[in-house]
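# Fold and contact review
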Amino acid sequence: MTRAELERLLELADRAVQLRELVDRAERLASEIEDGRRLQQRVPELAAAISIRRAAITAITRELERDWVAQGPLIGVWQRAVELAEVAAAAGVDSAPYREEAAEAERQVDAARLASRDERDRLAAERAGLVDLLLDLPFEVEPLAAVRDDPRPEAMRRDALEYCATAERAQADAVEACAQSAWRCEAATAELARIGSVRELRQSLDDVVSKLPGALELPADAPPSAAHRLGRAGVEVRGQRVT
């Protein structure tokens, strides 16, 4: 083997290594572009579904606000009846009428709160649906606490407001995720156009590899780096140790 022939093989070996690296890079870029396109298609759909859940939870919040306002006078009557019963007992006066009034007021409050249970059930169902949507997003979202076991509409309303706030943040993050993905896809597409498609690069690599021998015995005067360069290209080198 002449020195010129060896140099030619070394150039082909270096080119094969370079092309393999480019193929790997092109495959990663193509995968990134495909993932980005799927994200840009899926995330807006999720954001729209989250918006629907958020609107439903907002409607439940308004119902709970109305229940809260409507139950306020009943609770006031109950509290006053309890206070009067306590004052009567402390004064040594018969407190039975006041206790009966307090018990009746409590029954009315319980009945009103029982009517709010439907809103609680609806809220729990909407929360479950929202959780499923949030889990499908390609980024972390703070977990939603379960609807608290509290019959007061004001307590359930606080849960509903938290769910709405989380949904709103998730929608904003989804918009940002799509924007970032579009930017990355644009950059990856530009780089892929510069280095070449996976198919073109693989073809070029196959052409170069076809010109390399499967095994080769180097001449004694070959440079020390020759075995390493050929070995990186997949050529089995004989007669010289690869370093």
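Residues numbered from 1 in each chain as written. Predicted model: local features only at pLDDT ≥ 70, side-chain atom pairs only at ≥ 80, totals over all residues. Heavy atoms only, no water.

Interaxial distance between helix H3 (residues 117-136) and helix H4 (residues 153-195) falls to 11 Å at its minimum, and their mutual angle equals 20°. Put simply, H3 runs roughly parallel to H4. In this structure, H3 meets H4 at a crossing whose hand is left-handed. For the pair formed by H3 and H4, the contact residues are Arg120, Leu123, Arg127, Leu130 and Leu134 on the first element and Met156, Asp159, Ala160, Tyr163, Thr166, Ala167 and Ala170 on the second. Grouping the amino acids of the contact of H3 with H4 by side-chain chemistry returns eight nonpolar, one polar and three charged. (Axes fitted to C-alpha atoms, helices over the stretch in contact; angles between N-to-C directions. Helix = DSSP H or I, 4+ residues; strand = E, 2+ residues; numbered from the N terminus. Parallel < 35°, antiparallel > 145°, perpendicular 65-115°, else oblique. Left-handed = near helix turned anticlockwise from the far one by under 90°. Contact = heavy atoms within 4.5 Å. Nonpolar A, V, L, I, M, F, W, Y, C, P; charged D, E, K, R; others polar.)

Glancing now at H4. End to end, H4 covers 62 Å across 43 residues, agreeing with the expected 63 Å (1.5 Å per residue, within 8%). One or two residues past the end of H4 sits Gly196, with phi positive at roughly 110°. (Expected span 1.5 Å × (residues − 1).)

Inspection of the entire model under this criterion finds 18 salt bridges. As a salt-bridge pair, Glu65 and Arg157 come within 3.1 Å of each other at their nearest N and O atoms. Separated by 92 residues along the polypeptide, Glu65 in helix H1 (residues 3-91) and Arg157 in helix H4 bring together distant segments of the chain. With a shortest N-O distance of 2.8 Å, Asp150 and Arg152 are connected by a salt bridge. With relative accessibility at 28%, the residue Arg152 sits in the partly exposed group. Within the structure, one salt-bridge network assembled from shared partners comprises Arg25, Glu191 and Arg194. (Salt bridge = Lys/Arg side-chain N within 4 Å of Asp/Glu carboxyl O. Buried < 20%, exposed > 50% of the residue type's maximum accessible area, 1.4 Å probe, protein only.)

Attention now moves to the nonpolar core. If you look at the biggest cluster of nonpolar residues, it comprises 29 residues, and the most contacted ones within it are Leu212, Leu218 and Leu230. At the level of elements, H1, H4, helix H5 (198-210) and helix H6 (224-232) are the ones that each hand at least two residues to this core. With twelve residues, H1 is the largest single contributor of residues to this core. Counting 18 residues, the second largest nonpolar core, distinct from the first, contains Ile60, Leu144, Cys164 and Ala167. (Core = buried A, V, L, I, M, F, W, Y, C linked by side-chain atoms within 4.5 Å.)

Moving on, we get to the side chain of Asp159. Tracing the backbone through its elements, the reader meets Asp159 in helix H4. The class for Asp159 is buried, based on a relative accessible area of 3%. For Asp159, the side chain forms a polar contact with the side chain of Arg148, separated by 2.8 Å. (Polar contact = N/O pair within 3.5 Å; in protein donor to acceptor, adjacent residues only side chain to side chain.)

In this section: H5. In this model, H5 (13 residues) spans 18 Å end to end at C-alpha, consistent with the 18 Å of a helix rising 1.5 Å per residue. All of the buried residues in H5 are Val198, Leu201, Leu205 and Val208. Projection of H5 onto a plane perpendicular to its axis shows the buried side chains occupying an angular sector of 95°, all on one side. When the buried face of H5 is taken as reference, the exposed residues oriented beyond 90 degrees from it are Arg199 and Ser210. (Arc of directions from axis to C-beta.)

The subject of this paragraph is the state of the cysteines. Counting across every chain of the model gives zero disulfides. Cys178 forms no disulfide, and the closest cysteine sulfur to it belongs to Cys185, at a distance of 10 Å. Judged by its relative accessible area of 9%, Cys185 falls in the buried class. (Disulfide = S-S within 2.5 Å.)

In this section: the confidence of the model for the protein chain. Here the protein chain averages 87 in pLDDT, while 93% of its residues score no lower than 70. Looking over the protein chain, one finds the lowest element-wise mean pLDDT in helix H2 (residues 96-115), namely 71, and the highest in H5, namely 95. (pLDDT = per-residue confidence, 0-100.)

Turning our attention to the environment of Gln18. Counting through the fold element by element, Gln18 comes out in helix H1. The partly exposed category is assigned to Gln18, whose relative accessible area is 39%. Counting along the chain gives 215 residues from Gln18 to Ala233, while the straight-line C-alpha distance between them is 9.2 Å.

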